[in-house]
Amino acid sequence: MCLAIPGKIIKIEDDDAIVDYISEKRVGKIVEGTYKVGDYVIIQGGLVIEQIPEEQAKKWLKALPK
Amino acid sequence: MTPEDLFLKYAFPCTIVKVARKEITQQEYESLEQAAKENQPVSRERLEKTYPAAVARMKAVAKEKGQVYFSEENIRDYFLGRHNELLRGTFKPTKEQGPALDENLPQAIRELCLITTGKIVKKGEAFYVVEFAAGKETKRRAVSNMLASDAEIGNVIRMHYGYAVEKVS
(Lines give C-alpha, C1' and ligand atoms only; values in the text may rest on other atoms or scores of the structure.)
Protein backbone atom coordinates (compact mmCIF):
# COMPACT_ATOMS: atom_id res chain seq x y z
CA MET A 1 0.00 0.00 0.00
CA CYS A 2 1.02 3.57 -0.57
CA LEU A 3 3.46 5.07 1.83
CA ALA A 4 3.18 8.52 0.41
CA ILE A 5 4.64 11.21 2.60
CA PRO A 6 3.25 14.71 2.93
CA GLY A 7 5.58 17.64 3.61
CA LYS A 8 4.98 21.16 4.92
CA ILE A 9 5.45 24.25 2.76
CA ILE A 10 7.97 26.51 4.50
CA LYS A 11 8.45 29.11 1.78
CA ILE A 12 6.98 30.08 -1.57
CA GLU A 13 9.17 31.86 -4.13
CA ASP A 14 7.29 32.81 -7.30
CA ASP A 15 5.65 29.49 -8.22
CA ASP A 16 8.17 27.30 -6.37
CA ALA A 17 7.11 25.81 -3.05
CA ILE A 18 9.95 24.84 -0.70
CA VAL A 19 8.66 21.84 1.21
CA ASP A 20 10.07 20.43 4.42
CA TYR A 21 10.09 16.63 4.59
CA ILE A 22 11.18 14.50 7.49
CA SER A 23 14.82 14.44 6.47
CA GLU A 24 15.17 16.76 3.48
CA LYS A 25 13.81 19.77 1.65
CA ARG A 26 12.25 19.50 -1.78
CA VAL A 27 11.05 22.03 -4.31
CA GLY A 28 7.77 21.57 -6.12
CA LYS A 29 6.30 23.84 -8.76
CA ILE A 30 2.83 25.22 -8.17
CA VAL A 31 1.08 25.16 -11.54
CA GLU A 32 -2.52 24.64 -10.45
CA GLY A 33 -4.43 25.57 -7.31
CA THR A 34 -3.64 27.88 -4.42
CA TYR A 35 -1.25 26.96 -1.65
CA LYS A 36 0.20 28.85 1.27
CA VAL A 37 3.04 28.50 3.75
CA GLY A 38 2.10 25.93 6.40
CA ASP A 39 0.07 23.74 4.05
CA TYR A 40 0.85 20.03 4.00
CA VAL A 41 1.26 18.89 0.42
CA ILE A 42 2.31 16.01 -1.78
CA ILE A 43 5.05 16.62 -4.35
CA GLN A 44 5.42 14.24 -7.25
CA GLY A 45 7.35 14.60 -10.48
CA GLY A 46 8.55 18.05 -9.34
CA LEU A 47 4.98 19.37 -8.99
CA VAL A 48 2.84 20.20 -5.99
CA ILE A 49 -0.08 17.92 -6.77
CA GLU A 50 -2.35 17.89 -3.71
CA GLN A 51 -2.96 19.37 -0.31
CA ILE A 52 -3.49 17.09 2.67
CA PRO A 53 -5.59 18.43 5.57
CA GLU A 54 -3.21 19.17 8.46
CA GLU A 55 -4.83 16.82 10.96
CA GLN A 56 -4.75 13.87 8.54
CA ALA A 57 -1.17 14.65 7.48
CA LYS A 58 0.05 14.78 11.09
CA LYS A 59 -1.72 11.53 11.96
CA TRP A 60 -0.22 9.83 8.91
CA LEU A 61 3.30 11.16 9.59
CA LYS A 62 3.04 9.76 13.13
CA ALA A 63 1.87 6.37 11.84
CA LEU A 64 4.69 6.01 9.28
CA PRO A 65 7.40 3.48 10.10
CA LYS A 66 10.58 5.21 11.22
CA MET B 1 3.93 -0.45 -26.79
CA THR B 2 4.63 -3.84 -25.20
CA PRO B 3 2.66 -5.12 -22.17
CA GLU B 4 5.88 -4.61 -20.17
CA ASP B 5 6.01 -0.91 -21.17
CA LEU B 6 2.35 -0.47 -20.30
CA PHE B 7 2.70 -2.18 -16.91
CA LEU B 8 5.68 0.00 -16.00
CA LYS B 9 3.80 3.20 -16.88
CA TYR B 10 0.90 2.26 -14.62
CA ALA B 11 3.14 0.96 -11.80
CA PHE B 12 5.94 3.53 -11.86
CA PRO B 13 4.11 6.37 -10.01
CA CYS B 14 4.04 4.19 -6.84
CA THR B 15 7.70 3.22 -7.09
CA ILE B 16 8.96 6.09 -4.92
CA VAL B 17 7.08 4.41 -2.08
CA LYS B 18 9.27 1.33 -2.51
CA VAL B 19 12.34 3.50 -1.98
CA ALA B 20 10.82 4.97 1.21
CA ARG B 21 10.11 1.42 2.42
CA LYS B 22 13.66 0.38 1.46
CA GLU B 23 12.33 -2.38 -0.81
CA ILE B 24 14.44 -1.00 -3.67
CA THR B 25 17.45 1.32 -3.83
CA GLN B 26 17.48 4.90 -5.13
CA GLN B 27 19.68 3.66 -7.99
CA GLU B 28 17.12 1.02 -8.97
CA TYR B 29 14.41 3.71 -8.79
CA GLU B 30 16.33 5.97 -11.16
CA SER B 31 16.93 3.11 -13.56
CA LEU B 32 13.19 2.32 -13.67
CA GLU B 33 12.37 6.02 -14.04
CA GLN B 34 14.70 6.28 -17.03
CA ALA B 35 13.17 3.15 -18.59
CA ALA B 36 9.60 4.35 -18.04
CA LYS B 37 10.39 7.77 -19.46
CA GLU B 38 12.34 6.63 -22.51
CA ASN B 39 10.28 3.49 -23.25
CA GLN B 40 13.37 1.35 -22.74
CA PRO B 41 12.55 -2.36 -22.49
CA VAL B 42 12.37 -3.83 -18.98
CA SER B 43 12.07 -7.59 -18.68
CA ARG B 44 8.93 -9.18 -17.30
CA GLU B 45 11.08 -11.02 -14.74
CA ARG B 46 12.41 -7.71 -13.40
CA LEU B 47 8.90 -6.23 -13.19
CA GLU B 48 7.61 -9.34 -11.41
CA LYS B 49 10.44 -9.12 -8.91
CA THR B 50 10.01 -5.37 -8.32
CA TYR B 51 6.19 -5.36 -8.02
CA PRO B 52 5.33 -8.79 -6.50
CA ALA B 53 2.06 -7.77 -4.80
CA ALA B 54 0.63 -6.08 -7.91
CA VAL B 55 1.66 -9.10 -9.98
CA ALA B 56 -0.06 -11.51 -7.57
CA ARG B 57 -3.27 -9.44 -7.73
CA MET B 58 -3.01 -9.20 -11.51
CA LYS B 59 -2.67 -12.99 -11.79
CA ALA B 60 -5.84 -13.42 -9.71
CA VAL B 61 -7.75 -11.03 -12.01
CA ALA B 62 -6.54 -12.94 -15.08
CA LYS B 63 -7.73 -16.22 -13.58
CA GLU B 64 -11.16 -14.80 -12.72
CA LYS B 65 -11.61 -13.31 -16.20
CA GLY B 66 -9.98 -16.17 -18.08
CA GLN B 67 -7.49 -13.93 -19.85
CA VAL B 68 -3.73 -13.83 -20.33
CA TYR B 69 -2.12 -12.47 -17.18
CA PHE B 70 0.54 -10.26 -18.75
CA SER B 71 -1.53 -8.72 -21.53
CA GLU B 72 -2.55 -5.09 -22.17
CA GLU B 73 -6.18 -6.03 -21.48
CA ASN B 74 -5.43 -7.63 -18.12
CA ILE B 75 -3.02 -4.87 -17.06
CA ARG B 76 -5.73 -2.22 -17.63
CA ASP B 77 -8.42 -4.41 -16.03
CA TYR B 78 -6.22 -4.81 -12.98
CA PHE B 79 -5.19 -1.19 -12.51
CA LEU B 80 -8.64 0.28 -13.20
CA GLY B 81 -10.44 -2.48 -11.30
CA ARG B 82 -8.85 -4.45 -8.47
CA HIS B 83 -6.14 -1.85 -7.78
CA ASN B 84 -8.80 0.82 -7.23
CA GLU B 85 -11.01 -1.55 -5.19
CA LEU B 86 -8.08 -2.12 -2.86
CA LEU B 87 -7.75 1.64 -2.31
CA ARG B 88 -11.48 2.03 -1.76
CA GLY B 89 -11.30 -0.75 0.82
CA THR B 90 -13.76 -2.95 -1.08
CA PHE B 91 -11.19 -5.68 -1.79
CA LYS B 92 -9.29 -7.59 0.88
CA PRO B 93 -6.00 -8.98 -0.44
CA THR B 94 -4.59 -12.38 0.48
CA LYS B 95 -1.17 -12.55 2.14
CA GLU B 96 0.83 -12.73 -1.10
CA GLN B 97 -1.28 -9.92 -2.57
CA GLY B 98 0.26 -7.44 -0.15
CA PRO B 99 -1.04 -5.47 2.83
CA ALA B 100 -4.63 -4.23 3.09
CA LEU B 101 -5.45 -0.54 3.08
CA ASP B 102 -3.91 1.35 6.00
CA GLU B 103 -6.76 3.15 7.77
CA ASN B 104 -4.47 6.06 8.68
CA LEU B 105 -3.77 6.84 5.02
CA PRO B 106 -5.30 10.29 4.42
CA GLN B 107 -8.29 10.35 2.08
CA ALA B 108 -6.57 12.88 -0.21
CA ILE B 109 -3.60 10.52 -0.71
CA ARG B 110 -5.93 7.59 -1.27
CA GLU B 111 -7.58 9.54 -4.09
CA LEU B 112 -4.19 10.32 -5.63
CA CYS B 113 -3.38 6.60 -5.62
CA LEU B 114 -6.52 5.75 -7.60
CA ILE B 115 -6.19 5.41 -11.35
CA THR B 116 -8.48 8.17 -12.62
CA THR B 117 -9.52 9.40 -16.03
CA GLY B 118 -9.68 13.08 -16.93
CA LYS B 119 -9.42 15.65 -19.67
CA ILE B 120 -6.41 17.91 -20.27
CA VAL B 121 -7.43 21.57 -19.92
CA LYS B 122 -3.99 23.17 -19.80
CA LYS B 123 -0.52 22.19 -20.87
CA GLY B 124 2.92 23.26 -19.69
CA GLU B 125 6.44 22.22 -20.55
CA ALA B 126 6.50 19.24 -18.18
CA PHE B 127 2.90 18.95 -17.01
CA TYR B 128 -0.77 18.86 -17.83
CA VAL B 129 -3.63 20.26 -15.78
CA VAL B 130 -6.37 17.66 -15.86
CA GLU B 131 -10.06 18.11 -15.07
CA PHE B 132 -11.82 15.06 -13.67
CA ALA B 133 -14.93 14.02 -11.79
CA ALA B 134 -14.52 13.37 -8.06
CA GLY B 135 -17.93 12.30 -6.77
CA LYS B 136 -20.31 15.13 -7.63
CA GLU B 137 -17.51 17.67 -7.95
CA THR B 138 -15.23 18.49 -10.85
CA LYS B 139 -11.63 18.85 -9.74
CA ARG B 140 -8.42 19.98 -11.39
CA ARG B 141 -5.01 18.53 -10.77
CA ALA B 142 -1.50 19.05 -12.12
CA VAL B 143 0.19 15.87 -13.34
CA SER B 144 3.65 15.25 -14.75
CA ASN B 145 3.76 14.44 -18.47
CA MET B 146 6.96 12.40 -18.11
CA LEU B 147 5.34 9.03 -18.89
CA ALA B 148 2.92 10.20 -21.59
CA SER B 149 4.16 13.34 -23.31
CA ASP B 150 2.16 12.83 -26.53
CA ALA B 151 -1.15 14.31 -25.32
CA GLU B 152 -2.71 17.68 -26.13
CA ILE B 153 -5.40 19.92 -24.62
CA GLY B 154 -8.75 18.16 -25.03
CA ASN B 155 -7.27 14.64 -24.88
CA VAL B 156 -8.54 12.21 -22.27
CA ILE B 157 -5.83 10.57 -20.18
CA ARG B 158 -5.47 8.16 -17.28
CA MET B 159 -3.49 9.37 -14.32
CA HIS B 160 -1.88 7.78 -11.31
CA TYR B 161 -0.34 9.57 -8.37
CA GLY B 162 0.62 12.78 -10.11
CA TYR B 163 1.59 11.27 -13.44
CA ALA B 164 -0.29 11.04 -16.72
CA VAL B 165 0.20 7.36 -17.58
CA GLU B 166 -1.67 6.85 -20.82
CA LYS B 167 -3.60 8.79 -23.45
CA VAL B 168 -7.06 7.26 -23.94
CA SER B 169 -8.48 9.45 -26.70
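The numbering scheme is per chain: residues are counted from 1 as the chain's sequence reads. Throughout, the order in which chains and ligands are written sets their labels, letters from A for the former and numbers from 1 for the latter. Where totals are concerned, whole chains, interfaces and linings use all residues; where local detail is concerned, this predicted model gives features only for residues with pLDDT of at least 70, and gives and counts side-chain atom pairs only at 80 or more. With hydrogens and water stripped out, all remaining heavy atoms of the structure feed into the side-chain values.

1. Quick look at the overall build of chain B
Heads up, the condition is: The secondary structure listing takes helices from DSSP runs of H or I that are at least 4 residues long and strands from runs of E that are at least 2 residues long, numbered from the N terminus. What the globule rule says is 2.2 Å times the number of residues to the power 0.38, and the radius of gyration is computed from C-alpha atoms.
Along chain B, the regular secondary structure elements total seven helices and five strands. Along chain B, from the amino end to the carboxyl end, the secondary structure elements read α-α-α-α-α-α-α-β-β-β-β-β. Its C-alpha atoms give chain B a radius of gyration of 16 Å, within 12% of the compact-globule value 15 Å for 169 residues. Along the three orthogonal principal directions, the C-alpha set of chain B runs to about 40 × 35 × 35 Å.

2. Let's talk about the domain arrangement of chain B
Residues and elements named next belong to chain B. Note the threshold: Bear in mind that the domain bounds are from an automatic or database domain assignment. Note on contacts: a residue pair qualifies if any of its non-hydrogen atoms lie within 4.5 Å across the two residues. For any pair of parts, buried area is found by adding up, for both, the accessible area (1.4 Å probe) each one loses once the two are put together.
As far as domains go, chain B holds domain 1 (3–97) and domain 2 (115–167). One C-alpha centre belongs to domain 1, the other to domain 2; they are set 20 Å apart. If you look at the interface, domain 1 gives 15 residues, while domain 2 gives nine residues. With both sides pooled, the region where domain 1 packs onto domain 2 buries about 1200 Å², and carbon together with sulfur makes up 62% of that total.

3. Considerations on unusual backbone geometry
One non-glycine residue, Asp14 of chain A, lies in the positive phi region at around 55 degrees. The residue Asp14 of chain A is located in the loop between β1 (7–13) and β2 (16–20) in this model. Of note in the backbone geometry, Tyr161 of chain B takes a positive phi value of approximately 45 degrees without being a glycine. Looking at the secondary structure, you find Tyr161 of chain B in the loop between β4 (156–160) and β5 (163–167).

4. Quick notes on the interface of chain A and chain B
Here is the rule we go by: Only one rule defines a salt bridge in this text: a Lys or Arg side-chain nitrogen within 4 Å of an Asp or Glu carboxyl oxygen. Whenever a nitrogen or oxygen atom comes within 3.5 Å of another N or O atom, the pair is scored as a polar contact, on the condition that within protein one atom can donate a hydrogen and the other can accept it, and that pairs from neighbouring residues in sequence are kept only if both atoms are in side chains. Under the scheme applied here, ten amino acids are nonpolar (Ala, Val, Leu, Ile, Met, Phe, Trp, Tyr, Cys and Pro), four are charged (Asp, Glu, Lys and Arg), and all others, including Gly, are polar.
The partner chain B presents 32 residues to the 22 residues of chain A that form the contact. Across the chain A to chain B interface the summed buried area is about 2300 Å²; carbon plus sulfur atoms make up 69%. Connecting chain A to chain B are two salt bridges. The shortest N-O distance in the salt bridge between Arg141 of chain B and Glu50 of chain A comes to 2.9 Å. Scanning the region where chain A abuts chain B turns up five residue pairs in polar contact (both at pLDDT 80 or more). Counting only elements with at least two residues in the side of chain A that touches chain B, the list comes to β4 (40–44), β5 (47–52) and α1 (54–63) of chain A. Sort the elements by how many residues they give to the side of chain A that touches chain B and β5 of chain A lands first, with six residues. For the side of chain A that touches chain B, the per-class residue count stands at 15 nonpolar, four polar and three charged.

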